[in-house]
Amino acid sequence: MANKLIGEIDLHKRISNIFAARNIITAKDALSMTEFELMELLDVGMKEIQSAVRLISEAASPPCQSARSLLEQKVENEYLLGHLPTHLKGLDSALCGGIPFGVLTELVGPPGIGKSQFCMKLALSASFPKAYGGLDGRVIYIDVESKFSSRRVIEMGLKSFPEVFHLKGMAQEMAGRILVLRPTSLSDFTQSIQELKESILKNQVKLLVIDSMTALLSGENKPGAQRQQHQLGWHISFLKSLAEFARIPIVVTNQVRSQNRDETSQYSFQAKLKDGFEEHTRTYDSHLVAALGINWAHAVTIRLVLESKSGQRIIKVAKSPMSPPLAFPFHITSAGISLLSDDGTELKGPGINNIHARAKLKDRFQEHTRRYDSHLVAALGINWDHAVTIRLVLEAKSGQRIIKVAKSPMSPPLAFPFHITSEGISLLSDDGAELKGRGINNIHARGHSDMINFNGDCS
Ligand SMILES: Nc1ncnc2c1ncn2[C@@H]1O[C@H](COP(=O)(O)OP(=O)(O)OP(=O)(O)O)[C@@H](O)[C@H]1O
């Protein structure tokens, strides 16, 4: 508006020509001067100057709008901006159609809970043909932890949308629409996202995924949480403006982990300290704030918390401008994430922003395994568990050697009995038994009494 040309404003021709002759071209040029200055410069009477300034101001100001018309515009824009369906019915209806365009959405939760699985399914949904509920677009998937698996995406597609994926060439076509970038450092990542702006518009990109932001920070060896948060500040505003500018959903994953003995973590900006419970949770904040920074938590429009409670995976809509806090139990199958119920349970109180890394220790047996956690954490370091993509656990249970796929982005937890002969390791059966519950990350060294559990991994 300020750059509106004076020549295009409905001024008297003579006055308009005088402005042009004195090189006052835009509304901003004219309105930056006082009426006396204009009088002096243009050599025109006060009355004429006042009338010209009034007309220029009117032309340069945005029109008045009623609250009603603003609301109508908002609804219209939301419709135009659209949503990326998650194909999880309950979640899609809570989010008015799915992950909204034009804003940042954060998936936050402990390792192994299913954040990458969720992102891969979103990538599928964005690249899928419109006729089948997709967006028919391309996806940029920034895979910091090298967890993206095209095999897994195709498996999800075949199981979730068999009618489309069995069409000849469709799997290749879908996989070809997902561009995977693997930055090796924060500066590499910075360069990649700066270069993205143009290609997002040119290439019909409908989704940008960053999996995960935490891994980018933990990869940097710079000392001091403050410094890391400061570095992240630029990325937050850049990604936010990129989402708005390109009108696409940007989905970012973040791991959280409590280094403390309790398994609950909480975002620090939530809940004023009033009572003992909140005072207690405060001790865990410092770790989370160090990883993500306070500005990050404010910048995201949608926050979905994925957690595990009493052996059940749960997805919570923890922050959303259009939904109350809701929780949905889910599981992961070969078709990807699916909800066990589409009716979310409404959440109240401080629980909304708590993140359960695993079930609370309830009995003496588990209390016993806890002693070994500190040993593992001390030996391997807390970042170790985050860093590995595949974890195979080799253990002995009731005299039988077992190899377990305990962490994998493309396989459910499976156990295979094996033995070792002169030819090396061989499986006794090629049909793995699927594992459920806490046993997945337990390691049996001999009998029950020697069991070790990976600290913080979800059960
Ligand atoms: N084909 C499959 N069938 C069933 N479950 C699977 C399959 N592939 C992977 N999973 C399950 O998905 C889980 C891993 O999820 P995912 O890799 O998304 O975790 P994450 O939250 O991204 O972890 P991290 O923070 O460590 O990256 C594992 O429990 C694994 O068993």
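Structure first, text after, so check above.
Residues numbered from 1 in each chain as written. Predicted model: local features only at pLDDT ≥ 70, side-chain atom pairs only at ≥ 80, totals over all residues. Heavy atoms only, no water.

**A closer look at the nonpolar core**
- Counting 43 residues, the largest nonpolar core has Leu91, Phe118, Leu304 and Ile315 as the members making the most contacts within it.
- The contacts of leucine 91, once residues within four sequence positions are left out, are Thr86, Phe118, Leu304, Ile315, Val317, Phe328 and Leu339.
- Within the second largest apolar cluster, 29 residues are counted, among which are Ile200, Ala243, Val252 and Val300. (Core = buried A, V, L, I, M, F, W, Y, C linked by side-chain atoms within 4.5 Å. Buried < 20%, exposed > 50% of the residue type's maximum accessible area, 1.4 Å probe, protein only. Contact = heavy atoms within 4.5 Å.)

**Observations concerning the side chain of serine 408**
- Inspection of the secondary structure puts serine 408 in the loop between strand 16 (400-407) and strand 17 (414-421).
- Reaching out from serine 408, the side chain makes a polar contact with the backbone nitrogen of methionine 410 at a distance of 3.0 Å.
- Here serine 411 takes part through its backbone nitrogen, which lies 3.1 Å from a polar atom of the side chain of serine 408.
- Setting aside chain neighbours within four positions, we find serine 408 in contact with Thr389 and Ile390. (Helix = DSSP H or I, 4+ residues; strand = E, 2+ residues; numbered from the N terminus. Polar contact = N/O pair within 3.5 Å; in protein donor to acceptor, adjacent residues only side chain to side chain.)

**Remarks on the packing of aromatic side chains**
- Inspection of the entire model under this criterion finds 5 aromatic pairs.
- One Lys or Arg, lysine 197, reaches over the ring of phenylalanine 245 and ends 4.9 Å from the middle of that ring. (Phe/Tyr/Trp six-rings, centres within 6.5 Å; stacked < 30°, edge-to-face > 60°. Lys NZ or Arg CZ within 6 Å of the ring centre and 35° of its normal.)

**Section: the environment of isoleucine 200**
- Following the sequence through the fold, isoleucine 200 ends up in helix 11 (residues 186-202).
- For the pair isoleucine 200 and alanine 246, spaced 46 residues apart in the sequence, the C-alpha separation amounts to 7.1 Å.
- With sequence-adjacent residues up to four places away left out, isoleucine 200 is seen in contact with Ile140, Val205, Leu242, Ala246 and Ile248.

**Quick notes on the pairing of strand 4 (residues 138-143)**
- The element strand 4 is largely enclosed, with a buried count of 5 among its 6 residues.
- As judged from the 6 bridges shared by strand 4 and strand 6 (residues 205-211), these two strands associate in the parallel manner. Residue isoleucine 142 lies in a different strand from strand 6, and its bridge partner there is isoleucine 210.
- Taken together, the 4 bridges between strand 4 and strand 5 (residues 178-181) define a ladder with parallel strand orientation. Note that in strand 5 the partner of isoleucine 142 across the bridge is leucine 181. (Pairing = 2+ DSSP bridges.)

**Some points on the site of the ligand**
- Close to the ligand lie 24 residues; Gly112, Lys115, Ser116, Lys147 and Gln255 are nearest.
- A distance of 2.8 Å separates an oxygen atom of the ligand from a polar side-chain atom of lysine 115.
- Within the backbone of glutamine 117, a nitrogen or oxygen atom sits 2.8 Å from an oxygen atom of the ligand.
- With the chains in place, 95% of the 650 Å² that the ligand exposes on its own is no longer accessible.
- Counting only elements with at least two residues in the shell around the ligand, the list comes to helix 7 (115-127), helix 8 (150-160) and strand 11 (326-333).
- Looking at side-chain class alone, the shell around the ligand contains 8 nonpolar, 9 polar and 7 charged residues. (Near = heavy atom within 4 Å. Areas by Shrake-Rupley, 256 points an atom, 1.4 Å probe, with all protein chains shown as cover. Nonpolar A, V, L, I, M, F, W, Y, C, P; charged D, E, K, R; others polar.)

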